[in-house]
Amino acid sequence: MDKAVFVRFWKKFATMIDNGVPLVATLTTLREEQGTTTLGSALETIIVDLKAGVRFSDCLQKHPTIFGRDIIQITRGGESAGRLDEVAKVISERLEEGVLTEPSEAAAAAMTSKEDDEKEEKDDASKDIVKRFNDVLKQAVAENASDIHLEALLEEPATSIGRIRFRLDGVLEEKMRVPGDVLRAMISRLKIMSALDVGQERLPQDGRIKIQINDEKVDMRVCVGPSVFGESACIRILRRNTFEKILSSSELVFPEKELRDELFEAARAPYGLFIASGPTGCGKTTTLYSLLARQNAKKCKIVTVEDPVEVILPDVHQVQIKPAIGLDFAPTLRHFLRMDPDIIFCAEIRDVETAVLLMKIAMTGHLVFTQLHSTDAISTVSRLLDIGLEPYLLAEVLTGIVNQRLIRRLCPSCRKPSPDHLVRLKELAAQEIPDDAVVYEAVGCDECGHTGYKGRRAIYEFLKMTPELRQVLRTNPSPVELEELAEKINFKRMFDNALPVILSGETSLIEVMRVCTYSKRSARGKTI
């Protein structure tokens, strides 16, 4: 091969990788430049292997007559450090200096004969990695996991391993441990599937996968990033069939009719600001999607600003923000106002500018849905006032605040009555609990994976705006004054709404106490 051509190849390779071009895209461009040459044919094979999850250095090793042992060893070292751009520069410089020996046919033949068995084993290993990773995805879907965590760890004595965990019903459970090289190969396979840069190991990357598992369409949101012991990844599983089923049935999202009717009434207001609050992962997006799905999108203009877009809604204009190019929440919302919208959904209030803008949008006759991280409905009002929203404007536009948590359902096959939990519930409850009531606790069996729980549901508290509450809001009340008002208007808190769920045997007192915070007093004056 012409030495000058080889040097130019590595220089262009270094430049493109340094500019952030993904590895496969870089090699595809360079392969088109090489045409039908020996290097071009080799690059074509390398691209196919990379897409199958094979590491770049292992791909080069399959072509010893072109790249040679020195280049392969240098590449392998730079690949482990995540610095392919610098490695390529070094290779081009050393080729020009004549430091790297060009592989001869004889040397290549010797290398090939010596490493044939090793390459065959690696080919088999690559196929095995694809199968093992697919098996992990299938197992996660079969067990109804919401997330898959691929984590790099270090064990004594300095042994690299990988841990794979599933989030089942909101709780992480370890499923298996694999050698460190297997985890790295799995993450490389994950990058290929989600169209990420295989050679980039220093910076976080986000992607998406759309696959079909057992005749079911599944969306997966991928996040890969560096850690002290190597790259780790998280995969959020979004099952289209399940989500469509949830959105089509309001009873699945809001089981209690009284709460459902109040929420729907607030969500059908001609204009105003409706807020879903709670911690991360409590189902706020599902709640707001469910309310949006019940709007007549064919008769009105619905626009959303999200990060990321979780699920595609029919007849809805959805936008995913990209801060890197200036497409952030506030600029996108201002642009939407020129698109004649009726309903606007902003995925999250992240700063004062967005909060003020949403309030102004609601004041101009639009119905606005958004999310805020807070511990309960009352503290949500305090947060909005603390970040600088004008009390008199907030009192005019706020239509309601729903705060929620996700709780695990008891496994009906193994739950058992607990007299001790009934005694504790009588101490905590604001209402009288009958002596013959039954409170269940978790046990664990094969049916539920020995956790005692199977499935989840939401519990809520809903702060409905009343004339009395609006009047108090105009006076810029303190958190203490808001708490006193909540007691005065008999505001039903989340724990009170969870009582029927506990008494029906659907969940346990321990589970409700796990997700609820108690800084308030019940109606009987007891501190919870």
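Just above sits the structure.
In short, a report on the structure. Just so it is clear, the structure is predicted and the values come from calculations on it, not from any experiment. Counting restarts for each chain: residues are numbered from 1 in the order of the written sequence. Residue-level local features of this predicted model are given only where pLDDT is at least 70; pairs of side-chain atoms are given and counted only at 80 or more, and the full residue set underlies all totals for whole chains, interfaces and linings. Excluding hydrogens and water, the side-chain figures rest on all heavy atoms present in the structure.

1. Some points on the overall build of the protein chain
Each helix and strand in the protein chain was counted, giving 21 helices and 15 strands. Whether two residues are in contact is decided by their heavy atoms: any pair within 4.5 Å suffices. When contacts within the protein chain are restricted to residue pairs at least 6 apart in sequence, those whose partners lie at least 24 apart make up 62%. Methods summary: accessible areas were calculated by the Shrake-Rupley approach with a probe of 1.4 Å, and residue burial reflects only the protein chains presented. Roughly 25100 Å² of accessible area belongs to the protein chain as shown, and the carbon and sulfur atoms make up 51% of that amount. In this description a helix means any DSSP run of H or I spanning at least four residues, a strand means any run of E spanning at least two, and both kinds are numbered starting from the N terminus.

2. With respect to empty space enclosed by the protein
Here the term cavity refers to a set of points on a 1 Å grid, laid over the protein atoms alone, in which a 1.4 Å probe fits but cannot get out; the term pocket refers to an open set having protein on both sides within 12 Å along at least five of seven lines, with lining residues being those that place an atom within 4 Å of a point. Grid points are joined across faces, edges and corners, and a volume is the space filled by probe spheres set on the points. One pass over the full model with this rule turns up 1 cavity of 30 Å³ or more. Around the largest cavity, the lining residues are Leu23, Arg55, Phe56, Glu79, Leu84, Ser188, Val198, Gly199 and Glu201. Note that Gly is not counted as nonpolar here; it falls among the polar residues with everything else outside the nonpolar set of Ala, Val, Leu, Ile, Met, Phe, Trp, Tyr, Cys and Pro and the charged set of Asp, Glu, Lys and Arg. Looking at the lining of the largest cavity residue by residue, the class counts come to 4 nonpolar, 2 polar and 3 charged.

3. What about the environment of Leu252?
Here Leu252 is to be found in helix α10 (residues 250–253). Exposure categories follow from relative accessible area, calculated using a 1.4 Å probe and restricted to protein chains: below 20% of the type maximum is buried, above 50% is exposed, and the middle band is partly exposed. The exposure class assigned to Leu252 is partly exposed, which follows from its relative accessible area of 47%. Leu252 sits 205 residues away from Arg457 along the chain, and the two C-alpha atoms are 8.2 Å apart. Leave out the neighbours within four places in its chain, and Leu252 touches Lys245 and Ile246.

4. Considerations on unusual backbone geometry
The linkage connecting Asp307 with the following residue, Pro308, adopts the cis geometry, with an omega of -5 degrees. Checked against the element boundaries, Pro308 lands in the loop between β8 (302–306) and β9 (317–320). Here the phi dihedral of Asn144 falls at roughly 60 degrees; this positive angle occurs in a residue that is not glycine. Along the chain, Asn144 falls in the loop between α7 (105–142) and β1 (147–155).

5. Looking at the side chain of Ser508
Residue position: Ser508 is located in the loop between α20 (494–503) and α21 (509–515). Among the residues examined, Ser508 registers a relative accessible area of 1% and is labelled buried. A polar side-chain atom of Ser508 sits 3.1 Å from the main-chain amide nitrogen of Glu511. Once residues lying within four places of it in the same chain are set aside, the contact partners of Ser508 are Leu410, Tyr440, Glu441, Tyr453 and Ile502. Here a polar contact is taken to be a pair of N or O atoms separated by no more than 3.5 Å, where protein atoms must pair a possible hydrogen donor with a possible acceptor and residues adjacent in sequence count only if both atoms sit in side chains.

6. Concerning helix α13 (residues 329–336)
Within α13, burial applies to Phe329, Ala330, Thr332, Leu333 and Phe336. Looking down the long axis of α13, one finds its buried residues gathered within 165 degrees of arc, a one-sided arrangement. Contacts made by the buried residues of α13 are with β8, β9, β10 (343–346) and α14 (352–363). The reported arc concerns the directions from the helix axis to the C-beta atoms and nothing else.

7. Overview of the sheet that holds strand β7 (residues 272–277)
Strands sit in the order β9-β8-β10-β11-β7-β12-β15 across an open sheet of 7 strands; the sheet is mixed. Lying at the two open borders of the sheet, with one neighbouring strand each, are β9 and β15 (453–464). The average angle at which neighbouring strand axes cross in this sheet is 15 degrees, direction not considered. Summarising the sheet, strand β12 (residues 398–410) and β15 pair through 10 bridges and their orientation is antiparallel. Looking at β15, one finds that Arg405 is bridged to Ile459. Interaxial angle, 0 to 180 degrees, is taken between N-to-C directions of lines fitted to C-alpha atoms, where a helix line uses only the stretch in contact. Its contacts with the sheet put α13 on β8, β9 and β10, and the angle it makes with β8 is roughly 170 degrees. The strands touched by α14 are β7, β10 and β11 (367–372); relative to β11, the strand with the most contacts, the crossing angle is about 155 degrees. Each pair of strands is called paired provided DSSP finds at least two bridges between the two strands.

8. Brief notes about the side chain of Thr380
Here Thr380 lies in helix α15 (residues 377–386). The class of Thr380 is buried, set by a relative accessible area of 0%. A polar atom in the side chain of Thr380 sits 3.2 Å from the side chain of Ser277. Leave out the neighbours within four places in its chain, and Thr380 touches Ile275, Ser277, Leu372, Ser374 and Ile401.

9. Observations concerning the nonpolar core
The criterion is simple. A nonpolar core is a set of buried Ala, Val, Leu, Ile, Met, Phe, Trp, Tyr and Cys residues joined through side-chain atoms within 4.5 Å. Counting 71 residues, the largest nonpolar core has Phe274 and Phe369 as its most contacted members. Sorting elements by how many residues they give to this core places α14 first, with 6 residues. Among residues more than four places away in sequence, those in contact with Phe369 are Ala267, Phe274, Leu288, Leu291, Leu292, Gln295, Ile343, Ile344, Phe345 and Cys346.

10. Quick word on the state of the cysteines
By definition, disulfides here are pairs of cysteine sulfur atoms that lie within 2.5 Å. All chains considered together, the criterion is met by 0 disulfides. Cysteine Cys448 remains unbridged, with the sulfur of Cys445 as its closest cysteine sulfur at 3.9 Å.

11. What about the pattern of salt bridges?
Salt-bridge detection follows one rule: a side-chain nitrogen of Lys or Arg within 4 Å of a carboxyl oxygen of Asp or Glu. For the structure shown, the criterion picks out 30 salt bridges. The shortest N-O distance in the salt bridge between Glu487 and Arg493 comes to 3.6 Å. Among the residues examined, Arg493 registers a relative accessible area of 11% and is labelled buried. Linking Glu511 and Arg514 is a salt bridge whose minimum nitrogen-to-oxygen distance equals 2.6 Å.

12. A word on the pairing of strand β6 (residues 232–239)
The element β6 is largely enclosed, with a buried count of 6 among its 8 residues. Where strand β5 (residues 216–225) and β6 come together, 8 bridges link them in antiparallel fashion. Bridge pairing in β6 links Val224 to Ala233. As consecutive antiparallel partners, β5 and β6 are separated by 6 residues, and within that stretch Gly230 has a phi angle of approximately 125 degrees, a positive value.

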